[in-house]
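As a plain string of letters, each chain reads:
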Amino acid sequence: MKALLTGGTGFIGSHTAVALLEAGNEVMLYDNLYNSSERVVGAIEEITGKKPGFMKGDIRDEARMKECFTTFKPDLVIHFAGLKAVGESVAKPLEYYDNNVGGTLAMLRAMRETGCRRLIFSSSATVYDLHNPSPYIEGMPVTHATSPYGETKIQIETILRDLAKAESDWSFVNLRYFNPIGAHPSGLIGEDPNGIPNNLVPYVARVAHGRLPFVRVFGGDYPTRDGTGVRDYIHVMDLAEGHAAAANYCLTHKGEIPINLGTGRGSSVLDIIHAYEKACGHEIPYKIMDRRAGDLPSFFASADRAKSLLGWTAKRGLEEMCRDSWNFEQHLAGKSA
Ligand code: NAD
Ligand code: UFG
């Protein structure tokens, strides 16, 4: 199979490229490098012994996308490219709608003109209505999101659903990710956000390494087991393997379907801190602070549909997620020393 990965040099794209190459597929990465580096292409080759194709380009550039489709001739697209910072999307809605929704429309036009009709989309648990109880099940209402970022995911899912209804030869799988963390066990690829990390695990990694003084635990009075927020953390390599399973499904089914990629288990902020302490071998300082605006107390996935339709379940636990994150953090430190 030939897979075109938009946003392929990013965090989830690069790990998915590894999983696809290791399963014997051909891969082309298409990325404007806004939030990643071309160095990732070499790292993927070092891990797999196979070189992925790379084309620098923006998904909003329809002509460039068409060039990519006509030269590479993919069987399907895995569409990771997009902006993803929830807080930034509130401050810059136009940029988010333009890049995520506008970019997807341009890409779909290029697909239609060049005859590619299969797409896996990086959606998010953020599409679920706030009032849904966990576990989140794919049939639950999706009405509106709490940020422009989340709204772009809902709008793109709607566009894909409408297109599948209007033209019966399309195949779309909307993968709703929960909280991807960790890194490839080689430590050669992982998540390295610029500036102070917004997400929990990259923040904990920097505290563990002494680059930040303590973890700010946002809220200790939620109605959860230990009072801290609960999420469904999933190892990025499990997520990557979920894409390989979804690709096989997409090749053999038509229409549009949402599928959760999560473990089905919730872990608290303190669970993560303690698992990370085991991984790094020392105590991690933290302080309980006020709740972060917009956060939900707890949510996690139902992983049943992924199991029944894709034959996929997440295999790795918190221990491996934190071990591989810590290993990557040490590789980063080695590089910058
Ligand atoms: P990432 O920022 O590491 O990767 C996204 C990649 O897309 C980057 O390499 C960036 O340079 C590229 N890109 C952005 N706009 C582009 C454009 N217009 N044209 C071409 N390339 C462009 O993010 P990630 O964590 O790998 O996320 C991948 C996808 O998964 C995103 O769509 C994100 O919204 C979604 N997602 C991520 C999470 C998460 O927690 N990481 C959770 C749910 C959904
Ligand atoms: N948290 C802290 N301290 C921090 C950062 C986070 O206590 O420094 C807590 C949060 O309050 C929350 C949990 O850790 O309880 C996880 O927070 P993250 O920011 O890591 O992740 P979110 O669940 O808020 O959001 C992530 C992505 C979204 C996506 C969502 C669901 O950032 O894009 O998962 O997929 F929509």
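Below: a short report on this structure. From a predicted model like this one, the values you see are computed outputs, not experimental measurements. (Residues numbered from 1 in each chain as written. Chains lettered and ligands numbered in written order. Predicted model: local features only at pLDDT ≥ 70, side-chain atom pairs only at ≥ 80, totals over all residues. Heavy atoms only, no water.)

## Side note on the site of ligand 2
In plain terms, the rule: We call a residue near a molecule or strand as soon as one heavy atom of that residue lies within 4 Å of the molecule or strand. N or O atoms within 3.5 Å of each other form a polar contact, as long as, within protein, one can give a hydrogen and the other can take it, and as long as residues adjacent in sequence are counted only when both atoms are side-chain atoms. Per-residue and other accessible areas follow the Shrake-Rupley method at a 1.4 Å probe size, with only the shown protein chains counted as cover for residues. Only DSSP runs of H or I covering at least 4 residues are called helices, and only runs of E covering at least 2 are called strands; the numbering of each starts at the N terminus.
In the vicinity of ligand 2, 22 residues are found, and the nearest of them are Asn 199, Arg 216, Arg 231, Arg 292 and Asp 295. One of the backbone nitrogen or oxygen atoms of Arg 216 is found 2.7 Å away from a nitrogen atom of ligand 2. For ligand 2, an oxygen atom lies 2.9 Å from a polar atom in the backbone of Phe 218. Protein burial of ligand 2: of its 690 Å² of free accessible surface, 90% is covered by the chains. Going through the elements one at a time, α7 (200-208) and β8 (215-218) are the ones with two or more residues in the shell around ligand 2. Examining the composition of the shell around ligand 2, we find that three residues originate from one element, β8, more than from any other.

## Describing the packing of α7 against helix α9 (residues 269-280)
We apply this condition: Between N-to-C directions, angles cover 0 to 180 degrees, with each direction set by a line fitted to C-alpha atoms, over the stretch in contact for helices. For classification purposes, an angle smaller than 35 degrees is called roughly parallel, one larger than 145 roughly antiparallel, one from 65 to 115 roughly perpendicular, and anything else oblique. Helix crossings are classified by the rotation of the near helix relative to the far one: an anticlockwise turn of less than a right angle makes the crossing left-handed, while a clockwise turn makes it right-handed. By definition in these notes, contact holds between two residues if any of their heavy atoms fall within 4.5 Å. Under the scheme applied, nonpolar residues are Ala, Val, Leu, Ile, Met, Phe, Trp, Tyr, Cys and Pro; charged residues are Asp, Glu, Lys and Arg; polar residues are all the others, including Gly.
Between α7 and α9, whose axes approach to 11 Å, the crossing angle comes to 40 degrees. By the criterion of interaxial angle, the relationship of α7 to α9 is oblique. In the packing of α7 onto α9, the handedness of the crossing is right-handed. Residues Leu 200, Val 201, Val 204, Ala 205 and Ala 208 of α7 lie in contact with α9, whose contacting residues are Val 269, Ile 272, Ile 273, Tyr 276 and Cys 280. A breakdown of the residues in the contact of α7 with α9 according to their chemical character gives 10 nonpolar, no polar and no charged.

## Description of the site of ligand 1
Close to ligand 1 lie 27 residues; Asp 31, Asn 35, Ser 36, Lys 84 and Tyr 149 are nearest. Interatomic distance of 2.9 Å between a backbone N/O atom of Phe 11 and an oxygen atom of ligand 1. Contact distances for ligand 1 include 3.1 Å between an oxygen atom and a backbone N or O atom of Tyr 34. Counting residues per element, the ones that place at least two in the shell around ligand 1 are α1 (11-22), β5 (118-124) and α6 (148-166). A per-element tally of the shell around ligand 1 places β5 first, with three residues. Within the shell around ligand 1, the residues separate by chemical class into 10 nonpolar, 12 polar and five charged.

## Let's talk about the nonpolar core
This is how it is decided: Definition used in this section: a nonpolar core is a set of buried Ala, Val, Leu, Ile, Met, Phe, Trp, Tyr and Cys residues joined via side-chain atoms within 4.5 Å. Categorising residues by exposure relies on relative accessible area from a 1.4 Å probe, with only protein chains included: less than 20% of the type maximum marks a residue as buried, more than 50% marks it as exposed, and the intermediate range marks it as partly exposed.
Grouped together as the largest cluster of nonpolar side chains are 42 residues, with contacts concentrated most on Leu 5, Ile 120, Val 173, Leu 175, Leu 310 and Trp 312. Contacts of Val 173, omitting those with residues within four sequence positions, involve Leu 119, Ile 120, Phe 121, Ala 246, Tyr 249, Cys 250, Ile 257 and Ile 259.

## Considerations on the pattern of salt bridges
As a reminder, the rule being used: By definition, a salt bridge exists where a carboxyl oxygen of Asp or Glu is found within 4 Å of a side-chain nitrogen of Lys or Arg.
Under the defined criterion, the tally for this structure stands at 22 salt bridges. A salt bridge links Glu 157 to Arg 176; the nearest nitrogen and oxygen atoms lie 2.7 Å apart. A residue pair is termed long-range when its members are at least 10 positions apart, and Glu 157 in helix α6 and Arg 176 in strand β6 (residues 171-177) qualify at 19 residues. Residue Glu 157 is classed as buried on the basis of its relative accessible area of 2%. A cluster of three or more residues bridged by salt bridges with shared partners is formed by Asp 238, Glu 241, Lys 315 and Arg 316.

## Thoughts on empty space enclosed by the protein
Applied cut-off: Residues are said to line a cavity or pocket when one of their atoms sits within 4 Å of a point; the points come from a 1 Å grid over protein atoms alone, cavities being sets where a 1.4 Å probe fits but cannot get out and pockets being open sets with protein on both sides within 12 Å along at least five of seven lines. Grid points are joined across faces, edges and corners, and a volume is the space filled by probe spheres set on the points.
Applying the stated criterion across every chain, the model contains three cavities of 30 Å³ or more. The computed volume of the largest cavity comes to approximately 130 Å³. At the level of secondary structure, the elements contributing two or more residues to the lining of the largest cavity comprise α7 and α11 (318-336). Broken down by class, the residue content of the lining of the largest cavity amounts to eight nonpolar, two polar and four charged.

## Notes on the environment of Ser 122
Summarising the element assignment, Ser 122 is placed in strand β5. Relative accessible area serves as the criterion here: at 6%, Ser 122 is assigned to the buried category. Here the alpha-carbon distance between Ser 122 and Leu 309, two residues 187 residues apart in the chain, equals 18 Å. Apart from the residues lying within four places of it in its own chain, the contact partners of Ser 122 are His 79, Phe 80, Lys 153, Leu 175 and Tyr 177.

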